[in-house]
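Secondary and tertiary structure notes
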Amino acid sequence: MTIPEIGCVFIALLGLLGVVLSRSLLMKIVGLDVMNTGVISFFVVLSSRSGNNVPILIEGVSAYAHPVPQAVIVTAIVIGFAILAISLVYAMILVQRLRSVDTERLERESGE
Amino acid sequence: MTTFVLYNFCLFLSALLGFSRKLQRPALWGAGIINLIIVTLLWQESGTTKWLLKSGFGVELVIDELSRLFLLTLAVVWFAVAISLENKKQDGFFVFLLLLFLGAGNLLFISNDLFNLYVLLELLTILVFLLAGKTGETKPLWSGMKYLLLVASAMNLYLLGVGMVFLAEGSFGISSITITGVPAGFLIAGLLGKTGLFLFSMWLVDLHSSVSSEISALLSGIAVKTGLYALLRLRPALGNHFEVVPFFAVISAILGVIFAFHEKHYKRILAYSTLSQIGYILIAPETGIFYVFAHGIFKSWLFLGADLLPNYDTGVPSRYRLPIFTWSLVALPALSIAGFPWTVGGSSKEMLIMGTTWWQQPILYAVSVGTAAVFAPFFFSLPKLEWGEIPKNFLGHVLLAFFAFFPLFGWGKKAFESIGILFLGVFAALFAARYRKPLPRILERLENATLLYLILFVLCVVMSIYG
């Protein structure tokens, strides 16, 4: 793997670390989004392995970017956005009811 | 194959009918019956049908034995849940989600493509999340939140693995790739987080025990099987790397039984038992395929029966004297999961254990005995001598009962062995009853569950480098 690719994987793992270590529910959701962004940029970077040009036939150009990873990752962007949206809605309801974003407290007060 | 895909798009469209109050009921019944008929027709065929959704870099679809089994499980469990829901008042959005669930599940169980699997798994994750929070109580909302945080992280790891595989192989189609090295660890860790193994998916117990019984039945019966399908589908491509999975499965199967045995809350017992049974299937994935169907049937039946009990606390003695009718609706699936011969549970346990190697057999027998011990209080008790009234969701019970007992004709070759296991379980339950006390729920807290998942993910990656 090249350095930019490793960087993207690193960002994604950093996001996971955020989900694990942060005690605030909102920061956990942000961590999840960072992770998703890392994954998406990984796909974008890996598609530029074979070249940086738009994959449309141009005279005198032979190095084109791979169109497939870019095409499929659009779905993942949409899914990531959907997850961000609905998790924020749930977090909003939870915070309204229990008056806290601290996960330990939410866990305690959400009941048996 | 084309027809099947188009049919599922029709299902997605028909989900809109759920919003109409008049058409809700016909839509649920119609989708259930038509789906069951179509899947039964597919079940009659044999052999493998492959299809590439249009040319180069297209989506690979396949219908083979594995797909058929999962499709049948989905059809039966979904229909049973749909017809038991109709007595409760539903709003349109809920029915809409339920119909989407059926279509998405159908499409998932025929896909043979890494990225397509990801999309449909995530779609089902979102649907489960929305279905869980439907009642609006705080506890299901919180457990849904836990589920989403853990599973979405796991699926992101899976997606990283998919990217790495694409880098190495240049394709998403599972039939044409071999997965080696680090990506294997990413894929396995991601899917195990979604599947519901002890240690990996500690969200499961809280989620399955706090939502309404019908949704629990859907979750335990089919939603945990989605990750399982992806894992079993990837097994040939993973090759040697798959050996990590049975290792974790053994831990899950044993710990699940121990926790279930000590638990007193009825739905939590079932949820722990789900963790254990998923491990049970993954210990012997070659022969365990049919057990997926069996588990779907009896676990969703047990969950449907949860509403018949006076309360969920199985420690209260009054619970044991149910009227005959109610008693049988709880005791029969309990017998089936405990491995009573001539039921789907018993015969599929036989099939599972028959083809296994020396190290698997003692573990599988021990887990069988443990499961029998967990469910002994439900069938090894006397009913009150009155008929009781017929429950409202009786039709769902009848449908699941039909599929639980159809092996009456044919299988059940090692009846003595199965009955032996059953009685060993009952004795174990009687003997160990006094040592039952609820175990701590430390591992299920969000902080601990995520940390545990991170550690296991690192372990998976390290194991995939050296294995």
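It should be noted that the structure appears before, not after, this text.
Note that the structure is a prediction, hence the values are computed from the model and not measured.

Points about the overall build of chain B
Each helix and strand counted, chain B has 18 helices and 2 strands in total. Principal axes of the C-alpha set define a box for chain B whose edges measure 65 × 55 × 45 Å. Scored against the burial criterion, the 467 residues of chain B give a buried share of 65%. Relative to all contacts within chain B whose residues are 6 or more apart in sequence, the contacts with residues 24 or more apart total 82%. Carbon and sulfur atoms form 69% of the exposed surface of chain B, whose accessible area is close to 16,400 Å². Taking the average location of the 31 positive side-chain charges in chain B and that of its 23 negative ones, the two points are 7 Å from each other.

Considerations on the packing of helix 4 (residues 92-108) of chain B against helix 5 (residues 114-132) of chain B
Residue and element names in this part refer to chain B. Where helix 4 contacts helix 5, the two axes come as close as 10 Å, and the packing angle between them is 155 degrees. Judged on the interaxial angle alone, helix 5 and helix 4 are roughly antiparallel. Of the two elements, helix 4 crosses helix 5, and the hand of that crossing is left-handed. Contacts between helix 4 and helix 5 involve F93, F94, L97, L98, L100, F101, A104, G105, L107 and L108 on the former and, on the latter, L117, L120, L121, L123, L124, L127, V128, L130 and L131. For the contact of helix 4 with helix 5, a count of residues per class yields 18 nonpolar, 1 polar and no charged.

Examining the packing of aromatic side chains
Residue and element names in this part refer to chain B. Summed over the entire model, instances satisfying the criterion amount to 34 aromatic pairs over all chains. Ring geometry for W29 against F79: centres 5.8 Å apart, planes inclined by 85 degrees, an arrangement best described as edge-to-face. Here the residue W29 occupies a position in helix 2 (residues 24-44), and F79 occupies one in helix 3 (residues 65-85), the gap between them amounting to 50 residues. Geometrically, the ring pair formed by Y280 and Y291 is tilted, given 5.1 Å between the ring centres and 50 degrees between the ring planes. Of this pair, Y280 sits in helix 11 (residues 266-283) while Y291 is found in helix 12 (residues 289-304), placing the two residues 11 residues apart along the sequence.

With respect to the side chain of K349 of chain B
Residues and elements named next belong to chain B. On the secondary structure map, K349 appears in helix 14 (residues 344-354). Of the buried charged residues, K349 lacks a salt bridge, with E417 as the closest side chain of opposite charge at 11 Å. A polar side-chain atom of K349 sits 2.8 Å from the main-chain carbonyl oxygen of I337. Not counting residues within four places of it along the chain, the set of residues in contact with K349 comprises Y280, Y291, I337, A338, G339, S368 and T371.

As for the interface of chain A and chain B
On the side of chain B, 42 residues touch chain A, which itself brings 47 residues to the contact. Here chain A packs against chain B, burying approximately 4,100 Å² in sum over the two surfaces, 78% of which is carbon and sulfur. Broken down residue by residue, the surface that chain A buries against chain B is led by V20, Y90 and E107 of chain A, which jointly contribute 17%. The interface formed by chain A and chain B contains 3 salt bridges. A salt bridge links E107 of chain A to K146 of chain B, with the nearest nitrogen and oxygen atoms 2.9 Å apart. Where chain A packs against chain B, one counts 9 residue pairs in polar contact (both at pLDDT 80 or more). With 17 residues, the top contributor of residues to the side of chain A that touches chain B is helix 3 (residues 67-98) of chain A.

Things to note about the pattern of salt bridges
All told, the structure shown has 15 salt bridges over all chains when counted by the stated rule. Between D102 of chain A and R23 of chain A there is a salt bridge, with the nearest N and O atoms lying 2.9 Å from each other. Note that D102 of chain A is positioned in the loop between helix 3 and helix 4 (103-109) and R23 of chain A in the loop between helix 1 (3-21) and helix 2 (25-47), a separation of 79 residues in sequence. Classification of D102 of chain A by relative accessible area gives partly exposed; the value is 23%. A salt bridge links K134 of chain B to D91 of chain B; its shortest N-O distance comes to 3.7 Å. Of the two residues, K134 of chain B is situated in the loop between helix 5 and helix 6 (138-169) and D91 of chain B in the loop between helix 3 and helix 4; the sequence distance between them amounts to 43 residues. On the basis of relative accessibility, which here comes to 29%, the residue K134 of chain B falls in the partly exposed class. Connected via shared salt-bridge partners are E107 of chain A together with K139, K146, D206, E263, R268, R441 and E444 of chain B.

Calculation rules
Residues numbered from 1 in each chain as written. Chains lettered and ligands numbered in written order. Predicted model: local features only at pLDDT ≥ 70, side-chain atom pairs only at ≥ 80, totals over all residues. Heavy atoms only, no water. Helix = DSSP H or I, 4+ residues; strand = E, 2+ residues; numbered from the N terminus. Buried < 20%, exposed > 50% of the residue type's maximum accessible area, 1.4 Å probe, protein only. Contact = heavy atoms within 4.5 Å. Areas by Shrake-Rupley, 256 points an atom, 1.4 Å probe, with all protein chains shown as cover. Lys, Arg positive; Asp, Glu negative; His and termini not counted. Charge placed at Lys NZ, Arg CZ, Asp CG, Glu CD. Axes fitted to C-alpha atoms, helices over the stretch in contact; angles between N-to-C directions. Parallel < 35°, antiparallel > 145°, perpendicular 65-115°, else oblique. Left-handed = near helix turned anticlockwise from the far one by under 90°. Nonpolar A, V, L, I, M, F, W, Y, C, P; charged D, E, K, R; others polar. Phe/Tyr/Trp six-rings, centres within 6.5 Å; stacked < 30°, edge-to-face > 60°. Salt bridge = Lys/Arg side-chain N within 4 Å of Asp/Glu carboxyl O. Polar contact = N/O pair within 3.5 Å; in protein donor to acceptor, adjacent residues only side chain to side chain. Buried area = accessible area lost by both parts, 1.4 Å probe.

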